[in-house]
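Read off the chains here:
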Amino acid sequence: MAIRPILLHPDPRLKKRCEPVETVDEEIRTLIADMFTTMYDAPGIGLAAPQVGVLRRVLVMDCAKSDEEDPAPIAMVNPEVVWESDDLNVHEEGCLSIPEEFNDVERPAQVRVAYTDAEGTAQEIECDGLLATCVQHEIDHLNGKLFIDYLGPMKRQMITGRMKKRKKEKAAAKGTTAKA
Ligand code: NI
């Protein structure tokens, strides 16, 4: 299980619609294991395959509150929202590909999601609260959509501007280390 580098916004790979997985094979299981390692290391509560540069419909989540609850890892292949509530919920969201930026996003409060698990078995799960927010955020990633796409254009441009600056600083810092 390896930590894979997380792509940072803006990156064209984060704007692509990902391809469905035909068979849950060893390659997909390795991807899932690496994604869990990468997500827990970050740390984060969700990660989608395009965030590690793999344009396939795979995501991992663990919305357990680490101090109080046991880990609750969920891996989804080809997830699809099959039902969503009329009730909406506003939750502050962040993203491992847009670090240090947090904004309120309104989404359906409950969703039912059909997916294939890491063993290749069809599953369906009812999501509520933080899990509902997280699963919708991660499925959006598989469709090339980021949480900042829900914000107004001004706010989105400001965040993208700050991210460009941070990426430049990070690249410069890396260059220095490599020379040392
Ligand atoms: Ni994200």
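The structure we're discussing is the one just above.
Heads up: these notes are all about the structure in this document. Because the structure is a prediction, the values reported are computed rather than measured.

**What to know about the sheet that holds strand 6 (residues 111-116)**
Line of reasoning, step 1. In spatial order, the strands read 1-2-3-6-7; together these 5 strands make up an open sheet with antiparallel pairing. Here the strands that pair on one side only, and so sit at the sheet edges, are strand 1 (46-48) and strand 7 (122-127). Going across the sheet, the axis of each strand differs from the next one's by a mean of 40°, ignoring polarity.
Line of reasoning, step 2. One ladder, built from 6 bridges, connects strand 6 with strand 7; its direction is antiparallel. Each bridged residue has a counterpart across the sheet, and for Tyr115 the counterpart in strand 7 is Gln123.
Line of reasoning, step 3. Running over the sheet, helix 1 (residues 26-41) touches strand 1, strand 2 (58-61) and strand 3 (74-84) and is turned about 40° from strand 2.
Line of reasoning, step 4. Contacts from helix 2 (residues 129-142) reach strand 1, strand 2, strand 3, strand 6 and strand 7 within the one sheet, and its direction differs from that of strand 2 by about 155°.

**Regarding the coordination of the nickel ion**
Line of reasoning, step 1. For the nickel ion, the full set of protein donor atoms is Cys95 (SG), His137 (NE2) and His141 (NE2), at a range of 2.1 to 2.3 Å.
Line of reasoning, step 2. In primary-sequence terms, the residues that donate to the nickel ion follow C-x41-H-x3-H. Of this pair, Cys95 sits in the loop between strand 4 (88-93) and strand 5 (103-108) while His141 sits in helix 2, and the two are 46 residues apart along the sequence. The exposure classification of Cys95 matches that of His141, with both residues buried.

**Things to note about the side chain of His141**
Line of reasoning, step 1. Given the relative accessible area of 1%, His141 is considered buried.
Line of reasoning, step 2. In this view, His141 contacts Lys16, Cys18, Ala48, Pro50, Gln51, Cys95 and Leu146; residues no more than four positions away in its chain are not counted.

**Focus: the environment of Cys127**
Line of reasoning, step 1. Along the chain, the position of Cys127 falls in strand 7.
Line of reasoning, step 2. With 17 residues separating them along the chain, Cys127 and Gln110 place their C-alpha atoms 5.6 Å apart.
Line of reasoning, step 3. Setting aside chain neighbours within four positions, we find Cys127 in contact with Ala109, Gln110, Val111, Val113, Ala132 and Val135.

**With respect to the nonpolar core**
Line of reasoning, step 1. Of all hydrophobic cores here, the largest spans 18 residues; its most connected members are Met61, Met76, Val113, Ile125, Cys127 and Val135.
Line of reasoning, step 2. Looking at this core, the elements that each hand over two or more residues are strand 2, strand 3, strand 6, strand 7 and helix 2.
Line of reasoning, step 3. Counting residues per element, this core draws most heavily on helix 2, which supplies 6 residues.
Line of reasoning, step 4. Among all residues touching Met76, those that are not within four sequence positions of it are Arg57, Val58, Leu59, Met61, Val113, Tyr115, Thr116, Ile125 and Val135.
Line of reasoning, step 5. Val24, Ile28, Met35 and Val58 belong to the second largest nonpolar core, which has 16 residues in total.

**Section: the packing of aromatic side chains**
Line of reasoning, step 1. Enumeration according to the criterion identifies 1 aromatic pair in this entry.
Line of reasoning, step 2. When the ring of Phe36 is compared with that of Tyr40, the centres are 6.0 Å apart and the planes differ by 15°; the resulting orientation is stacked. With Phe36 and Tyr40 both in helix 1 and 4 residues apart, this pair spans about one turn of that helix.
Line of reasoning, step 3. Tyr40 gets classed as partly exposed once you look at its relative accessible area, which sits at 39%.

**With respect to helix 2**
Line of reasoning, step 1. Its 14 residues place the ends of helix 2 21 Å apart at the C-alpha level, agreeing with the 20 Å of an ideal helix rising 1.5 Å per residue.
Line of reasoning, step 2. In terms of burial, helix 2 is largely enclosed, as 12 of its 14 residues are buried.
Line of reasoning, step 3. Those residues of helix 2 that sit buried are Leu131, Ala132, Thr133, Cys134, Val135, Gln136, His137, Glu138, Ile139, Asp140, His141 and Leu142.
Line of reasoning, step 4. At the exit of helix 2 stands Gly144, carrying a positive phi of roughly 75°.

Conventions and cut-offs
Residues numbered from 1 in each chain as written. Predicted model: local features only at pLDDT ≥ 70, side-chain atom pairs only at ≥ 80, totals over all residues. Heavy atoms only, no water. Pairing = 2+ DSSP bridges. Helix = DSSP H or I, 4+ residues; strand = E, 2+ residues; numbered from the N terminus. Axes fitted to C-alpha atoms, helices over the stretch in contact; angles between N-to-C directions. Contact = heavy atoms within 4.5 Å. Donors = N, O, S within 2.8 Å, 3.2 Å for Na, K, Ca; no water. Buried < 20%, exposed > 50% of the residue type's maximum accessible area, 1.4 Å probe, protein only. Core = buried A, V, L, I, M, F, W, Y, C linked by side-chain atoms within 4.5 Å. Phe/Tyr/Trp six-rings, centres within 6.5 Å; stacked < 30°, edge-to-face > 60°. Expected span 1.5 Å × (residues − 1).

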